[in-house]
Amino acid sequence: MGQISPLRWLGLSAAALSAFIVTSLPSHGEDAGNLYNTAVDIRLGQRYFERQCSRCHGFDAKGNDETGAPDLTGRLNRASSDAGIFNIIREGVPGTAMLPVDSEVPDATVWQLVSYIGSLRYDPASVELAGDADSGARLFNGAADCSSCHMIEGEGGRMGPDLSRVGENSTPDDLMTALVNPDADVDPRWWQLRVTDREGSVRQGFRMNEDSFSLRIMDDNAELWSYPKNRIANYDRIETSTMPSYDGRLTESELDDLVAYLFSLRREVQQ
Amino acid sequence: MKKITLAITCLLASWQVTAQETAQEQQFSTVITPAFTPVTWERLVDARNEPENWLMYSGTLDSQRYSLLDQVTTDNVHQLEMQWSYQIPVIDRAETVPLVVDGIMFITEAPSNVVAVDARTGREYWRYDHEMPDDLRICCGRNNRGVAILGETLFMSTLDAHLVAIDARTGNLLWDVEVAAHDAGYSKTAAPLIVKDKVVTGIAGGEFGIRGFIDAYDPETGERIWRTYAIPGPGEFGNDTWSDDSWRTGGAATWLTGSYDPDLNLIYWGTGNPGPDWNGDVRLGDNLYSDSALALNGDTGEIDWHFQFTPHDVHDYDSIQIPILADIEMDGRTVKSMLWANRNAFFYTIDRANGEFLHGKPYATQTWAEGLDPVSGRPIRVPGMAPTYEGTLVAPPIVGATNWYSPGYSQDTGLFYVTSFDGAQEFFKRDEDYEEGERFTGGGGRYLQPMDAFHSSIRAIDPTTADIVWEFPIMPRSSAGITTTAGGLVFTGSADGYFFALDAATGDELWNISLGARVHAAPMTYAIDGRQYVTIASGNVVYTFALEE
């Protein structure tokens, strides 16, 4: 075998190096589309998710306040495309506990994971709704009197959750349940506290804060009251909703209209 | 062609020079700490009697976390003021308990670094950044909980499952040994324990189908002296408590720090869950010695006795809690006890000389057992509580009634203190095949209620009866450890970012400060020139407090 000239050596080394880079560096997702999105891929993605990701993101992918892992079933804050999700899984999120997936995990597996995460959401345009959103909007601001408590795009009351983007993380079924059975799922932020001070007077309001040492409530007049826990006699939590049920107050068709309107409340999707 | 060769040569040469310069800079740019008296084994045995120093993760070999410092008391604790804070540069959560030796503090950081600072000011002397591969297998964050010291050498576990020895004066690396293969799922997060002339250390990786063990190393050379597996091999007692070959991948990680009794020459160490965590079908039997307390001979590492808290666990109820050793008066006699509030929601008082179960009771909400057998202490299971494919609601949840965060004990009150959680979770089972280096958990869990709906508290337990004497409610769910002092105080933290002091006798709130980020660490206390300091990590910051001068 003849001697390899320095230039040829350099060329071979460069080729070897680039081959090394190509084979050992994780790839970067691009918007070429996800080829691994069949029902089988989604199932495999789910299996991988439950095994590798659920410790932080939860078995139901709804996130975990303790680990800071976000809910993956609604709108994602850090990615708006499959490629974006792919890149987050591959590269991690610096400064957070989200580590990159092991470089030996094949791209196909990551794409299956992307497909599974994608399957947790749906295209809102594909949802067929019985009601009419415009009629729902009129009800919201009129007969149903929702806006006296709820704010949308800066208009409305403060005695209930801001609903400007309620359609992003709620299904039509969720919204219907919230209207006809408001006690079913009350965010702890909208629980109430009934505080009895040492003189025996009682004040009740929304649970704006409850921590180990202090309480803050907002009363019916939207006034805030803060209490160190060690200066009150006692307090109770009321974990039901202050919202009345609309079951029977509105007709079924009116409820459908309201659901259609609420479901339409979302940010514009960036194309 | 020559030009290209020359250019490459120059490039290589300049790279070599730069690398040499960098190495030299690293070698000589370190700032040496002030001299301190080398920490001998005799000092470690008698650590309680030099309360100005905090010489090991749990303060003393009995892990009581009880300090004799009494300048800060129930009467003046409300006058505590922040003296300094140290910002950890790598953003992750700090689970560190610093050591203090003669005014020098050693703080570990994520992922596996250590920094020496002036304990008066928090200003840095030196730092050691551990070089880390990028294919770590870690279950639960990039944590490191602390170092051990012997002589003038620090010993630290690293996430890539190494044990390193570092010169405490300069931060220079003395040796670095691989304890186990990180790419097979092993990792290390806990502070080692010095036992006489050995560095004793455990291993993490219970979610990756590892086989747990406890090791002892020569502090001079890093040579391994003994290894005791937490899962017996073929022919050894207990191997038949694993069906088929399941012992090979059975977990039983030993991922926290143990305790030591010099009189009995026994090391006490907890073991973690059997693997896969939530699918017990593939590992029928009691699965010894998972979820157990092991008592090991202090010289040989041989198992003297064991006590298994949760045979055939299917809920991830690790028993890696730090064993508190205390001599307590029971039935007219002094009992050398081991006190243990387990992740499975039961509190146990055990005779630490022989492992005999003395008594135990639930200290937090639990639905999985009807109680403990009064003689053996073995749980009497409630049928139908194992995870299923559809989900089974069980208390406590996966994180447990307590977990890795240190409990405390006060020699003044005789009470045991634990951070407890009354939660419940749906447990799921999945079928998984073991693949080396991959997670091997066989399921998972989910909460059906918001976290705020659950109850958390600091509970004081009388170890002579296992009764709860008082409780102080906190907002869920704390992962802070507990430290007690001769000033009559219990120091701890909460998930909502408070650091606070309670009256050790009554549980009355005496002082609190909002530090703005979750407390994932245990407090420690020390003194310099007669002034007592109290230190806690919260978020990514280490805070130190003292009474105003």
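Everything that follows concerns the structure shown earlier in this document.
The text that follows walks through the structure, step by step, so that each part is easy to find. It should be emphasised that the depicted structure is a prediction, and the values quoted were computed from it without experimental measurement.

## Brief notes about the nonpolar core
As a rule of thumb, nonpolar side chains are buried together in soluble globular proteins.
Reasoning step 1: Counting 92 residues, the largest nonpolar core has B:Met105, B:Phe106, B:Val114, B:Trp126, B:Ile149, B:Leu154 and B:Tyr526 as the members making the most contacts within it.
Reasoning step 2: Setting aside chain neighbours within four positions, we find B:Leu154 in contact with B:Phe106, B:Val114, B:Trp126, B:Val147, B:Ala148, B:Ile149, B:Val164, B:Ala165, B:Ile166 and B:Ala168.

## Considering helix α4 (residues 107-119) of chain A
A turn of α-helix holds 3.6 residues, and therefore any two residues three or four places apart point the same way.
Residues and elements named next belong to chain A.
Reasoning step 1: End to end, α4 covers 18 Å across 13 residues, agreeing with the expected 18 Å (1.5 Å per residue, within 8%).
Reasoning step 2: Buried residues of α4: Thr 109, Val 110, Trp 111, Gln 112, Leu 113, Val 114, Ser 115, Tyr 116 and Ile 117, and no others.
Reasoning step 3: Buried positions along α4 lie against α2 (39-57) and α3 (82-91).

## Here's the deal with the pattern of salt bridges
A side chain with one charge can pair with a side chain of the opposite charge if their charged atoms come near.
Reasoning step 1: Inspection of every chain in the model, using the stated rule, returns 36 salt bridges over all chains.
Reasoning step 2: Note that B:Arg430 is salt-bridged to A:Glu50, the shortest N-O span being 2.7 Å. In this pair, B:Arg430 sits in the loop between β28 (425-429) and β29 (443-446) while A:Glu50 sits in helix α2, so the two residues belong to two different chains.
Reasoning step 3: A residue is classified by how much of its surface remains accessible, and A:Glu50, at 8% relative accessible area, is buried.
Reasoning step 4: Each of A:Arg207, A:Glu210, A:Arg237, A:Glu239 and B:Asp452 takes part in salt bridges that share partners, so that together they form one network.

## Some points on the packing of aromatic side chains
Reasoning step 1: Across all of its chains, the model carries 35 aromatic pairs over all chains by this definition.
Reasoning step 2: Centre to centre, the rings of A:Trp190 and A:Phe206 are 5.1 Å apart; their planes meet at 80°, and the pair counts as edge-to-face. A residue pair is termed long-range when its members are at least 10 positions apart, and A:Trp190 in the loop between α6 (172-180) and β3 (192-197) and A:Phe206 in strand β4 (residues 202-210) qualify at 16 residues.
Reasoning step 3: Looking at A:Trp190, the relative accessible area reads 13%, which means it is buried.
Reasoning step 4: Here a set of aromatic residues connected by ring pairs shows up, and it is made of B:Phe307, B:Phe309, B:Tyr317, B:Trp340, B:Phe346, B:Tyr348, B:Phe357 and B:Trp368.

## Topic: the environment of B:Met105
Residue and element names in this part refer to chain B.
Reasoning step 1: Note on placement: Met 105 falls in strand β4 (residues 104-109).
Reasoning step 2: Judged by its relative accessible area of 0%, Met 105 is buried.
Reasoning step 3: Through-space distance from the C-alpha of Met 105 to that of Tyr 125 is 9.5 Å; in sequence the pair is 20 residues apart.

## Observations concerning the interface of chain B and chain A
Reasoning step 1: In this complex, chain B contributes 43 residues to the contact, which on the side of chain A involves 26 residues.
Reasoning step 2: Interface area for chain B against chain A, summed over the two sides, is near 3,000 Å², with a carbon-plus-sulfur share of 53%.
Reasoning step 3: The interface formed by chain B and chain A holds five salt bridges in total.
Reasoning step 4: A salt bridge links A:Arg51 to B:Glu432; the nearest nitrogen and oxygen atoms lie 3.6 Å apart.

## Regarding the sheet that holds strand β5 (residues 214-218) of chain A
Residues and elements named next belong to chain A.
Reasoning step 1: Here five strands make up an open sheet; going across it, the order is β6-β5-β4-β3-β7 and the pairing antiparallel. Because the sheet does not close on itself, it has two edges, and the strands there are β6 (224-228) and β7 (232-238). Adjacent strand axes in the sheet meet at a mean angle of 40°, parallel and antiparallel pairs treated alike.
Reasoning step 2: The pairing of β5 with β6 spans five bridges and is antiparallel. Pairing of Leu 215 across the sheet is with Tyr 227, part of β6.

## What to know about the packing of α6(A) against helix α7 (residues 252-263) of chain A
Residues and elements named next belong to chain A.
Reasoning step 1: At a minimum axis separation of 9 Å, α6 and α7 run at an interaxial angle of 125°. With respect to α7, the axis of α6 lies oblique. The handedness of the crossing between α6 and α7 comes out as right-handed. Where α6 approaches α7, its residues Pro 172, Leu 175, Met 176, Leu 179 and Val 180 are matched on the opposing element by Leu 255, Asp 256, Leu 258, Val 259, Leu 262 and Phe 263.
Reasoning step 2: In the contact of α6 with α7, the residues fall into 10 nonpolar, no polar and one charged.

## Topic: the packing of α3(A) against α4(A)
Residues and elements named next belong to chain A.
Reasoning step 1: Packing of α3 against α4 brings their axes to within 9 Å, and their N-to-C directions diverge by 125°. Here α3 is positioned oblique relative to α4, judged by the angle of their axes. For the pair α3 and α4, the crossing hand works out as right-handed. Taking contact as the criterion, the partners of Asp 82, Ala 83, Ile 85, Phe 86, Ile 89 and Arg 90 in α3 are, on α4, Asp 107, Val 110, Trp 111, Leu 113, Val 114 and Ile 117.
Reasoning step 2: The class makeup of the residues in the contact of α3 with α4 is nine nonpolar, no polar and three charged.

## A closer look at the pairing of strand β27 (residues 416-422) of chain B
All names here are of chain B.
Reasoning step 1: Burial analysis of β27 places seven of its seven residues in the buried class, the great majority of the element.
Reasoning step 2: Going residue by residue along β27, you find Phe 416, Val 418, Ser 420 and Asp 422 tucked away on one face and Tyr 417, Thr 419 and Phe 421 tucked away on the opposite face as well.
Reasoning step 3: Relative to β27, strand β26 (residues 408-409) runs antiparallel, the two being bridged by two bridges. Bridged to Gly 408 within β27 is Tyr 417.
Reasoning step 4: Between the end of β26 and the start of β27, which pair antiparallel, lie six residues, with Gly 414 showing a positive phi angle near 70°.

Procedures and definitions
Residues numbered from 1 in each chain as written. Chains lettered and ligands numbered in written order. Predicted model: local features only at pLDDT ≥ 70, side-chain atom pairs only at ≥ 80, totals over all residues. Heavy atoms only, no water. Core = buried A, V, L, I, M, F, W, Y, C linked by side-chain atoms within 4.5 Å. Buried < 20%, exposed > 50% of the residue type's maximum accessible area, 1.4 Å probe, protein only. Contact = heavy atoms within 4.5 Å. Helix = DSSP H or I, 4+ residues; strand = E, 2+ residues; numbered from the N terminus. Expected span 1.5 Å × (residues − 1). Salt bridge = Lys/Arg side-chain N within 4 Å of Asp/Glu carboxyl O. Phe/Tyr/Trp six-rings, centres within 6.5 Å; stacked < 30°, edge-to-face > 60°. Buried area = accessible area lost by both parts, 1.4 Å probe. Pairing = 2+ DSSP bridges. Axes fitted to C-alpha atoms, helices over the stretch in contact; angles between N-to-C directions. Parallel < 35°, antiparallel > 145°, perpendicular 65-115°, else oblique. Left-handed = near helix turned anticlockwise from the far one by under 90°. Nonpolar A, V, L, I, M, F, W, Y, C, P; charged D, E, K, R; others polar.

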